[in-house]
Amino acid sequence: MIYLRLVKVFFKENFSLRRLIGTDISKNKKKAFLLGLLIIYALGVFVFSFGYLFFDLGKVLDAMNMLWMLLMFVFLYASAISVMFVLLRANGYLFRYKDYPILAPLPIPLRTVLFAKTTVMMVMVYFPLAIMCAPIAFSYFYFFGFDILRFIVFLIGFLLIPLVPVIIFSFISLLIARMTARFRRSNLLNIILMIAVFIGAMLFSFSLSFSGEDNPLLGQQDFIRALGEIYLPMQWFVDAVHHLNIVSLLLLAATHLLPMLGFIVLIQKMAHKTNQKSMTVVTRKNARKAVSQVRPVFESLIIKEVRKFFSVPIYAVNCGFGPILMIILSVASLFYKSRVQSFLETYIGAGISIEIILLIVIAFSTSMVYTSAVSLSLEGKNFWIIKSMPIPPALVMNAKMAFNVLLTVPVAIVSLILFMISFSLGSLTVLMMILVLITISLLTSAFDSFINLHFPKFEFMNDTEVVKQSVGALIAIFGGFGFIAIDGVIFYFLNQVISLELTLLVISMANLVLFGLFFLIVNNTAESLFRKMKA
């Protein structure tokens, strides 16, 4: 059957171990061991943070005889994550897929191709949903009691939840693709639209979090209950699982499966036209003559990184979200000081000084910028050009580090100055905080370059695989959290015996030592590793 063969091919393209990791770890036991440690560390961080919040929420809801609310959390979170994933992936996977020139001439019905691609895309959707919703499901069955029939009904309902969001927001993604395809700078428009969606979602989340409760998830309870009263599928999911109502499960299945089949049929022509249009290049009329410019090599390499950053929407959105978060919070603090402080204390912890809370938030936002962990991989098939240039590999990696620092440090400094105005912080304290943030940015940038050198991923169908699904991106994110945790341990022990300013100075020195270590390793090994890399 052609459909099954296509699904097999697409699965091999997207889910092979070498494809996911970017390298063959079977030939390198050291990399395999490090990757295993990373997975254990990442799962541990997730379970003891996000998982703990929902376990605590389950305890509270069980005492209130409202455990069914956890199922509403599952429905809402699964739907929200599906929306974000589809907005980022549907455009590149259904409407602008890179293998269109290969598949279009083949005697395969477009419906079959789209059905196979949608199947694989849904598996990609279910994977992060399962990771996110597993702690919620565990909390529910732990307090309610486990039985196999209820668990099977839960799994069926869980598989149905994302279908409607996928349909709706795939159409929205298609509209964005069709609108932006007419403009020469369509990537920039995509970046602006996606950032607007993320900011809207973040502001909405903020509005639900000012509840004054110890667990910030309790602030979302009233909204989720109100949504459940007007959105029938959420009610059907709760009734099907909590009360084992088979009629509700059938209603949920009918209202999600039938529209999904209709969606595949309806988008055939639109997907075909959009893929065709994406192969055309929009040029400017009356363009000025190109003028060659001579710049220092290092400056040219940084400019190259800037252009790459803004030419890949998923890259700009993911790695640019941290600076945007810093600016939003710092500007908001000028006008809503008490609300911002309440929000930060809710998530970081009450009783901690505002200086440390702000330092944690900005450091966390800084660690979310991981361009140097993926920028080498994004060279893709063009990596041979870099290898053939008479430029030292160490200089190439240093430029990628420098771009990551330039993307974060200026924004961090401006944000901290705005926070200083809002919360009347001392000048010396702010100066030491700036020093800590600069050294954290240097450290994470060098560490991320070290990771990208050892886990490059040059084989990918679209840029999302590198930016969001590569081992380099995963290690960079959790590695940044780890460095912040190390700084936190140093602060905990030193701040009890010396002043805050001296403690921050010691933390900065520790960060500089680690930065120097990774910087030297990158510069000393870049040339030999470049020779071994094959794009």
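Predicted model, so just to flag it, every value in this text is computed and none were measured.

## Digging into empty space enclosed by the protein
Evaluated as defined, the whole model comprises two cavities of 30 Å³ or more. Lining the second largest cavity are Leu301, Lys304, Glu305, Glu379, Ile386, Met389, Val396, Ala399 and Lys400. If you list the elements that add at least two residues to the lining of the second largest cavity, you get helix H13 (297-311) and helix H18 (393-423). Per-class residue counts for the lining of the second largest cavity are five nonpolar, no polar and four charged.

## Structural notes on the confidence of the model for the protein
Of the residues in the protein, 76% reach a pLDDT of 70 or more, and the chain-wide mean stands at 79. Ranking the elements of the protein by mean pLDDT puts helix H2 (residues 17-21) last with 59 and helix H7 (residues 148-160) first with 93. Throughout residues 208-216 the model reports pLDDT below 50, and contacts reaching past four residues in sequence, or to other chains, amount to 18 contacts.

## Let's talk about the pattern of salt bridges
Inspection of the entire model under this criterion finds six salt bridges. The shortest N-O distance in the salt bridge between glutamate 305 and lysine 304 comes to 3.9 Å. On the accessibility criterion, glutamate 305 (4% relative accessible area) is buried. A relative accessible area of 32% means that lysine 304 is categorised as partly exposed. Ionic pairing is found between lysine 400 and glutamate 379, a salt bridge with its closest N-O pair at 3.2 Å. One end of the pair, lysine 400, is in helix H18; the other, glutamate 379, is in the loop between helix H16 (354-367) and helix H17 (383-388), and 21 residues separate them in sequence. Each of the salt bridges in this network shares a partner with another, and the network as a whole consists of Lys304, Glu305, Glu379 and Lys400.

## Considering the environment of asparagine 404
The topology assignment puts asparagine 404 in helix H18. In this structure, the C-alpha to C-alpha distance between asparagine 404 and alanine 446, residues 42 residues apart in sequence, is 9.3 Å. Apart from residues no more than four positions distant in its own chain, asparagine 404 is found in contact with Val369, Tyr370, Thr371, Ser372, Ser441 and Ser445. Within the structure, asparagine 404 has its side chain in polar contact with the side chain of threonine 371 (distance 2.7 Å).

## Looking at the nonpolar core
Residues Leu70, Phe73, Val74, Phe154 and Phe237 are the most contacted members of the largest nonpolar core, which totals 60 residues. Looking at this core, the elements with two or more residues in it are helix H1 (2-15), helix H3 (29-63), helix H4 (69-95), helix H6 (110-144), H7, helix H8 (163-180), helix H11 (232-242) and helix H12 (246-278). Top element by residues in this core is H6. It accounts for 15 residues. Leave out the neighbours within four places in its chain, and leucine 70 touches Phe54, Leu57, Gly58, Leu61, Ile136, Ser139 and Tyr140. In this structure, Leu437, Ile440, Phe491 and Leu504 belong to the second largest nonpolar core, which totals 31 residues.

Scoring rules and cut-offs
- Residues numbered from 1 in each chain as written.
- Predicted model: local features only at pLDDT ≥ 70, side-chain atom pairs only at ≥ 80, totals over all residues.
- Heavy atoms only, no water.
- 1 Å grid on protein atoms, 1.4 Å probe; cavity = no way out; pocket = protein on both sides within 12 Å on 5 of 7 lines; lining within 4 Å.
- Points joined across faces, edges and corners; volume = space filled by probe spheres on them.
- Helix = DSSP H or I, 4+ residues; strand = E, 2+ residues; numbered from the N terminus.
- Nonpolar A, V, L, I, M, F, W, Y, C, P; charged D, E, K, R; others polar.
- pLDDT = per-residue confidence, 0-100.
- Contact = heavy atoms within 4.5 Å.
- Salt bridge = Lys/Arg side-chain N within 4 Å of Asp/Glu carboxyl O.
- Buried < 20%, exposed > 50% of the residue type's maximum accessible area, 1.4 Å probe, protein only.
- Polar contact = N/O pair within 3.5 Å; in protein donor to acceptor, adjacent residues only side chain to side chain.
- Core = buried A, V, L, I, M, F, W, Y, C linked by side-chain atoms within 4.5 Å.

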